[in-house]
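Here's the letter readout for the chains.
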2 protein chains.
Amino acid sequence: MAKGILENNENYQPGLSIDCVIFGFHDNQLKVLLIKTPYEDKWSLPGGFVPIDQDIDTAAVTVLNKRTGIEGIFLRQFATFGRVKRNDKHFENKILEHLKIPEKARKWFTQRFVTIGYYALVDFLKAIPQKENNKGSIEWIDHKEVPELILDHKEILDKALHTLRIELNLMPIGYNLLPEKFTMPELQKLYETILDKKLDRRNFLRKINNIGILNKLEEKKSNVAHKAPNLYVFDKDKYEEVLKNGLNQGW
Amino acid sequence: MAKGILENNENYQPGLSIDCVIFGFHDNQLKVLLIKTPYEDKWSLPGGFVPIDQDIDTAAVTVLNKRTGIEGIFLRQFATFGRVKRNDKHFENKILEHLKIPEKARKWFTQRFVTIGYYALVDFLKAIPQKENNKGSIEWIDHKEVPELILDHKEILDKALHTLRIELNLMPIGYNLLPEKFTMPELQKLYETILDKKLDRRNFLRKINNIGILNKLEEKKSNVAHKAPNLYVFDKDKYEEVLKNGLNQGW
DNA sequence: AGTACATTGCGTCATAATAACACATTAAGC
DNA sequence: GCTTAATGTGTTATTATGACGCAATGTACT
């Protein structure tokens with residue numbers, strides 16, 4: 001919840017919020033950063049409100065930065081959710097009381113909200129979940145084991161993943177999700193996890209190499225079971241270029 | 001401008017608007033439906049506000065329906081625009097006076113607005129531009145000859161076209177842009193116009209046919225110069241199926 | 001040390017998709 | 001009837017994709 005919002009409603013854009021679907025990758029699993037709500041047994045996406053003097057993109061960056069502690073990450077708006085009924089039952093009186101929201105601020109919280117969805121791809125190891133005032137809990141959760149979410153947050157999460165899957169065909173990914181040096185099997189696992197589909201090792205290698213954004217290092221990964229795989233890094237310049245121009249332009 | 005908004009601000013979601021980029025196709029040109037603003041020599045996208053008790057998608061349908069008179073059209077949300085400065089200079093006093101907006105309503109119009117962009121594909125011949133109270137003017141304008149637009153509407157239009165170009169690879173189009181019976185050269189021209197690129201006749205035919213959404217009719221187009229082209233119709237069932245499942249799934 | 005096993009690197013082959021191009025057909029206009 | 005411009009229907013070379021074979025490498029076990 002945004003700082004000072006209880007005292008200064010008028011400093012925020014009314015009826016508008018930001019919700020972020022923050023993806024990370026760890027242990028061959030796609031993780032999503034979720035927050036446990038203090039007042040009921042559900043979870044929510046990290047979100048916030050939009051300061052009246054701040055661009056919506058900036059407000060999204062603020063949410064992300066506040067929750068992960070990192071900057072300069074991949075962040076993209078993917079949809080805006082505005083069904084009337086999406087929050088009409090949410091902030092009931094008992095919840096407002098539990099949150100100790102003063103009477104005069106309640107109207108602000110119970111108004112109709114439209115929310116703008118952003119999704120982010122971040123480095124799991126660099127992104128340290130940040131609690132709100134050291135209270136509550138925030139955790140990385142396997143996207144296959146997402147618990148019940150408040151409001152329409154499940155729908156938002158699903159839409160984010162769907163968008164990510166489609167955009168896999170339009171842009172390279174991995175730079176923000178993997179450590180600097182990584183192996184081909186790791187990159188492949190990332191794709192397989194996002195797509196929820198097995199890919200052929202050898203065809204994957206060929207296709208990824210054809211994009212031309214990887215540099216193979218001399219070193220191999222050490223301390224691994226079985227044959228040591230090669231290490232790769234992204235060629236940042238080429239990566240950015242492909243990100244900008246897109247790939248796979250059908251027509 | 002939405003009905004009753006001057007008297008009943010509180011019936012609308014504050015600081016939120018809808019803008020529609022309505023595309024049509026005629027004379028081998030991609031057209032955009034634009035409105036001449038009465039108070040200055042600029043044009044704007046057709047838009048509206050969001051009734052407090054209406055889904056945003058419904059509000060977008062309302063705008064579209066009001067401006068074209070048609071229903072059941074292809075309409076898709078593509079982005080939300082929320083820079084702080086996007087409308088801070090727009091509704092200056094002289095404009096508010098010109099619009100005869102009463103003093104107490106001015107605060108509503110001068111607040112910060114975030115707008116949700118939708119784009120639509122409609123049949124040029126069926127969509128008859130509808131004026132506001134028979135005042136002002138609304139016209140189909142060639143997308144290559146778009147005049148100066150208010151606010152960030154040019155940016156919104158560009159983003160819509162960019163989205164449409166990308167989505168050409170993910171879905172079939174034409175059903176909402178062409179008459180029921182059409183020729184292959186017409187469909188090709190549509191693609192060429194949207195993409196702003198020449199395509200090879202024979203390769204285009206093969207690729208379109210492989211999608212499997214067209215039925216060739218027995219008849220040919222009559223009263224044409226040169227060789228009479230075949231007529232086609234979309235197979236609605238297959239079209240809808242491909243629309244839903246998408247095409248060209250890279251991975 | 002030797003062997004089984006899992007995993008990686010690198011390659012082949014058949015098929016499908018794409019790009020570039022040739023030629024015959026049809027109708028209008030002179 | 002001839003020219004012209006557009007359409008219908010191919011062919012061929014190149015590239016991308018999908019399915020699969022096999023040798024190399026390191027761990028674990030006997």
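Source: prediction; values computed, not measured.

Student: I'd like a rundown of the overall build of chain A, residues and numbers included.
Tutor: Each helix and strand in chain A was counted, giving 7 helices and 10 strands. Oriented by its inertia axes, the alpha-carbon framework of chain A measures out at about 65 × 40 × 30 Å. Pairs at least 24 apart in sequence give 75% of the contacts found in chain A among residues at least 6 apart. Surface summary for chain A: the accessible area is close to 13000 Å², and the carbon and sulfur share equals 48%. If the 39 positive side-chain charges of chain A are averaged to one point and the 35 negative ones to another, these points end up 4 Å apart.

Student: Tell me about the relation of the copies chain B and chain A, and name the residues and values.
Tutor: Each copy superposes on the other: chain B lies on chain A with an RMSD of 0.1 Å after a rotation of 180 degrees and an axial shift of 0.0 Å. Here the symmetry operator amounts to a two-fold rotation axis. A symmetric contact is evident, with 100% of the interface residues of chain B recurring at the interface of chain A.

Student: Before we move on, can you summarise the interface of chain B and chain A with the specific residues and values?
Tutor: A common way to report how large an interface is uses the accessible area buried once the components associate. Between chain B and chain A, the residue contacts involve 36 residues of the former and 37 residues of the latter. For the pair chain B and chain A, the interface holds 0 salt bridges. Every element with two or more residues in the side of chain B that touches chain A is listed here: strand S1 (12-26), strand S4 (47-51), strand S5 (74-81), strand S6 (114-121), helix H5 (184-195) and helix H6 (201-211) of chain B. By residue class, the composition of the side of chain B that touches chain A is 20 nonpolar, 10 polar and 6 charged.

Student: Can you explain the sheet that holds strand S9 (residues 214-220) of chain B? Please cite residues and give values.
Tutor: In a beta sheet, neighbouring strands pair by backbone hydrogen bonds and run either parallel or antiparallel. Residues and elements named next belong to chain B. Strand order in the open sheet formed by 3 strands is S8-S10-S9, and the pairing between neighbours is antiparallel. The open sheet is flanked by strand S8 (182-183) and S9, the only strands paired with a single partner. Taken together, the 2 bridges between S8 and strand S10 (residues 230-234) define a ladder with antiparallel strand orientation. In the sheet register, Thr 183 faces S10, and the bridge partner there is Leu 231.

Student: Before we move on, can you summarise the side chain of Arg112(A) with the specific residues and values?
Tutor: Locating Arg112(A) in the fold gives a position in the loop between helix H3 (103-110) and strand S6 (114-121). Although Arg112(A) is buried, it forms no salt bridge, and the closest oppositely charged side chain is Asp55(B) at an N-O distance of 5.1 Å. Within the local environment of Arg112(A), its side chain forms a polar contact with the backbone oxygen of Gly82(A), the two atoms lying 2.6 Å apart.

Student: Residue-level account of the pairing of strand S4 (residues 47-51) of chain A, with values.
Tutor: All names here are of chain A. Within S4, 5 of the 5 residues are buried, leaving the element largely enclosed by the surrounding structure. Alignment of strand S1 (residues 12-26) against S4, held across 4 bridges, turns out to be antiparallel. Paired with Tyr 12 across the strands is Pro 51, a residue of S4.

Student: Any chance you could break down the sheet that holds strand S8 (residues 182-183) of chain A for me, citing the residues and the numbers?
Tutor: Residue and element names in this part refer to chain A. If you walk across this open sheet you meet the 3 strands as S8-S10-S9, and the pairing is antiparallel. Where the open sheet ends on each side, the last strands, each with one partner, are S8 and strand S9 (214-220). The pairing of S9 with strand S10 (residues 230-234) spans 4 bridges and is classified as antiparallel. In the strand pairing of S10, Lys 216 is matched with Tyr 232.

Student: I'd like a description of the protein's contact with DNA strand D, backed by residues and values.
Tutor: Of all residues adjacent to DNA strand D, which total 17 residues, the nearest are Arg202(A), Pro185(B), Arg201(B), Arg202(B) and Asn230(B). Each atom of DNA strand D within 4 Å of the protein was assigned to sugar, phosphate or base; sugar and phosphate come to 43%. Taking Asn203(A), its side chain carries an N or O atom lying 3.0 Å from a base nitrogen of DNA strand D. Counting only elements with at least two residues in the surface near DNA strand D, the list comes to helix H6 (201-211) of chain A together with H6 of chain B. Of all the elements, H6(A) adds the most residues to the surface near DNA strand D, at 4 residues. A class-by-class count of the residues in the surface near DNA strand D yields 4 nonpolar, 4 polar and 9 charged.

Student: Could you give me a rundown of the packing of helix H5 (residues 184-195) of chain A against H6(A), with the residues and numbers involved?
Tutor: Residue and element names in this part refer to chain A. Remark: H5 packs on H6, axes separated minimally by 11 Å, with the N-to-C direction vectors making an angle of 95 degrees. Classified by the angle their axes make, H5 and H6 are roughly perpendicular. Residues Met 184, Leu 187, Gln 188 and Tyr 191 of H5 touch H6, and the partners they reach there are Arg 201, Phe 204, Leu 205 and Ile 208. The class makeup of the residues in the contact of H5 with H6 is 6 nonpolar, 1 polar and 1 charged.

Student: Would you mind going over the protein's contact with DNA strand C in detail, with residue names and values included?
Tutor: The environment of DNA strand C is formed by 16 residues, the closest being Arg201(A), Arg202(A), Asn230(A), Arg202(B) and Arg206(B). Among the atoms of DNA strand C lying within 4 Å of the protein, the sugar-phosphate backbone contributes 44%. Within the side chain of Arg201(A), a nitrogen or oxygen atom sits 2.9 Å from a base nitrogen of DNA strand C. Here His226(B) contributes a backbone N or O atom positioned 3.4 Å from a sugar or linking oxygen of DNA strand C. Within the residue set of the surface near DNA strand C, elements represented by two or more residues are H6 of chain A together with H6 of chain B.

Student: Can you explain the domain arrangement of chain A? Please cite residues and give values.
Tutor: All names here are of chain A. Partitioning chain A into domains gives domain 1 (9-167) and domain 2 (182-245). A separation of 31 Å is found between the C-alpha centroids of domain 1 and domain 2. Taken together, the contact between domain 1 and domain 2 spans 11 residues of the former and 8 residues of the latter. In total, domain 1 and domain 2 occlude about 770 Å² of area from one another, counting both sides; carbon and sulfur atoms represent 68% of this.

Student: I'd like a description of H5(B), backed by residues and values.
Tutor: All names here are of chain B. For H5, with 12 residues, the first-to-last C-alpha span of 17 Å sits near the 16 Å given by 1.5 Å per residue. Across the 12 residues that make up H5, a large majority, 9, are buried. The set of residues buried in H5 consists of Met 184, Leu 187, Gln 188, Leu 190, Tyr 191, Glu 192, Thr 193, Ile 194 and Leu 195. Directly beyond the C-terminal end of H5, a positive phi value near 55 degrees is found at Asp 196.

Student: Describe the pattern of salt bridges, naming the residues involved and giving the relevant values.
Tutor: Tallying each qualifying case throughout the model produces 26 salt bridges over all chains. A salt bridge links Lys238(A) to Asp235(A), with the shortest nitrogen-to-oxygen separation between them at 3.7 Å. We classify Lys238(A) as partly exposed; its relative accessible area is 41%. The exposure class of Asp235(A) is buried, given its relative accessible area of 16%. We note a salt bridge from Asp41(B) to Lys36(B), for which the minimum N-O separation is 3.8 Å. Note on Lys36(B): relative accessible area 23%, which makes it partly exposed.

Rules and cut-offs
- Residues numbered from 1 in each chain as written.
- Chains lettered and ligands numbered in written order.
- Predicted model: local features only at pLDDT ≥ 70, side-chain atom pairs only at ≥ 80, totals over all residues.
- Heavy atoms only, no water.
- Helix = DSSP H or I, 4+ residues; strand = E, 2+ residues; numbered from the N terminus.
- Contact = heavy atoms within 4.5 Å.
- Areas by Shrake-Rupley, 256 points an atom, 1.4 Å probe, with all protein chains shown as cover.
- Lys, Arg positive; Asp, Glu negative; His and termini not counted.
- Charge placed at Lys NZ, Arg CZ, Asp CG, Glu CD.
- Least-squares fit on C-alpha atoms with pLDDT ≥ 70 in both.
- Salt bridge = Lys/Arg side-chain N within 4 Å of Asp/Glu carboxyl O.
- Nonpolar A, V, L, I, M, F, W, Y, C, P; charged D, E, K, R; others polar.
- Pairing = 2+ DSSP bridges.
- Buried < 20%, exposed > 50% of the residue type's maximum accessible area, 1.4 Å probe, protein only.
- Polar contact = N/O pair within 3.5 Å; in protein donor to acceptor, adjacent residues only side chain to side chain.
- Near = heavy atom within 4 Å.
- Axes fitted to C-alpha atoms, helices over the stretch in contact; angles between N-to-C directions.
- Parallel < 35°, antiparallel > 145°, perpendicular 65-115°, else oblique.
- Domains from an automatic or database assignment.
- Buried area = accessible area lost by both parts, 1.4 Å probe.
- Expected span 1.5 Å × (residues − 1).

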